[in-house]
Amino acid sequence: MKRSRGRPRKFDADQALGNALLVFWTNGFTGTSLDQLAEAMEMKRPSIYNAFGDKESLYRAALNAFKSGLDGGLQALAETEALEQALHQFFTRALDVYTSGETPLGCFIFCTAPAEAIAHPEVRRDILAITTHIDAALTRFFRAAQERGQLPSSTDPTIAAQLSQATLHSLALRARAGQSRTTLDAMARGAVGIICR
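Residues numbered from 1 in each chain as written. Predicted model: local features only at pLDDT ≥ 70, side-chain atom pairs only at ≥ 80, totals over all residues. Heavy atoms only, no water.

Moving on: the overall build of the protein. When helices and strands are tallied, the protein shows 9 helices and 0 strands. N-terminal to C-terminal, the α/β element order of the protein is α-α-α-α-α-α-α-α-α. Its C-alpha atoms give the protein principal-axis dimensions of roughly 80 × 30 × 30 Å. With 197 residues in all, the protein has 42% of them scored as buried. Of the contacts made within the protein by residues no fewer than 6 positions apart, 68% connect residues no fewer than 24 positions apart. When the accessible surface of the protein is totalled, it reaches about 11,100 Å², and 52% of it is carbon and sulfur. (Helix = DSSP H or I, 4+ residues; strand = E, 2+ residues; numbered from the N terminus. Buried < 20%, exposed > 50% of the residue type's maximum accessible area, 1.4 Å probe, protein only. Contact = heavy atoms within 4.5 Å. Areas by Shrake-Rupley, 256 points an atom, 1.4 Å probe, with all protein chains shown as cover.)

Structure follows, in structure tokens:
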């Protein structure tokens, strides 16, 4: 009598995608091989293609997953009415992500995607969409603060939002380059003071 096989292990798409994200985050899109992805995701190449599409589609899915986490930070920003405290907490949460792990990796999106923007137009569009999304959320935040009288009427909320996002990008790159958390925290505090004047 033929023995029945054990029940196959249930596929966890979120876990597999999270593992792929970490590989891309460490090595970048170009520097990541399909073999590395297959090993990290514990999947065969055909299974990866069936579940996520090609390598670029998988990378873009990872970008979107990371953006979802960023959206949580933007939502928390909107829920705190104290202007400087809220912005400082936003930068601190970002730094917690950027400097986590034995080797700080910065921001997955802005430390890996720009290098692919020219060769991969869809990734380029993703970066623009994410940047625009962050600008819009931060602009709403600064406009609300201005309406509460916490930001001078002479301040342009859109410019304040763009400067805040520029600070976010710089913190990410500096974290990936190995700058100390103490230095990064000081920069974030200084940026908050300047932007919120």
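For the pair helix H7 (residues 121-147) and helix H8 (residues 157-177), the least separation of the axes is 8 Å and the interaxial angle reads 125°. One way to sum up the angle between H7 and H8 is to call them oblique. For the pair H7 and H8, the sense of crossing is right-handed. Along its contact with H7, which presents Thr131, Ile134, Asp135, Leu138, Thr139, Phe142, Arg143 and Gln146, the element H8 presents Pro157, Thr158, Ala160, Ala161, Gln162, Ser164 and Gln165. Grouping the amino acids of the contact of H7 with H8 by side-chain chemistry returns 6 nonpolar, 7 polar and 2 charged. (Axes fitted to C-alpha atoms, helices over the stretch in contact; angles between N-to-C directions. Parallel < 35°, antiparallel > 145°, perpendicular 65-115°, else oblique. Left-handed = near helix turned anticlockwise from the far one by under 90°. Nonpolar A, V, L, I, M, F, W, Y, C, P; charged D, E, K, R; others polar.)

A full pass over the atoms with the stated rule returns 9 aromatic pairs. Judged by centre distance (5.2 Å) and plane angle (80°), the rings of tryptophan 25 and phenylalanine 66 are edge-to-face. Of this pair, tryptophan 25 sits in helix H1 (residues 13-27) while phenylalanine 66 is found in helix H4 (residues 55-78), placing the two residues 41 residues apart along the sequence. The exposure classification of tryptophan 25 matches that of phenylalanine 66, with both residues buried. Considering the side-chain rings of phenylalanine 29 and tyrosine 59, the 5.3 Å spacing of their centres and the 65° angle between planes classify their relative orientation as edge-to-face. On the criterion of sequence distance, the pair formed by phenylalanine 29 in the loop between H1 and helix H2 (34-41) and tyrosine 59 in helix H4 is long-range, its members being 30 residues apart. In this structure tyrosine 59 comes out as buried when scored by relative accessible area, which is 0%. Aromatic ring contacts, followed pair by pair, group Phe24, Trp25, Phe29, Tyr59, Phe66 and Phe108 into a single cluster. When the ring centre of phenylalanine 29 is taken as reference, the NZ or CZ atom of lysine 55 above it lies at 4.6 Å. (Phe/Tyr/Trp six-rings, centres within 6.5 Å; stacked < 30°, edge-to-face > 60°. Lys NZ or Arg CZ within 6 Å of the ring centre and 35° of its normal.)

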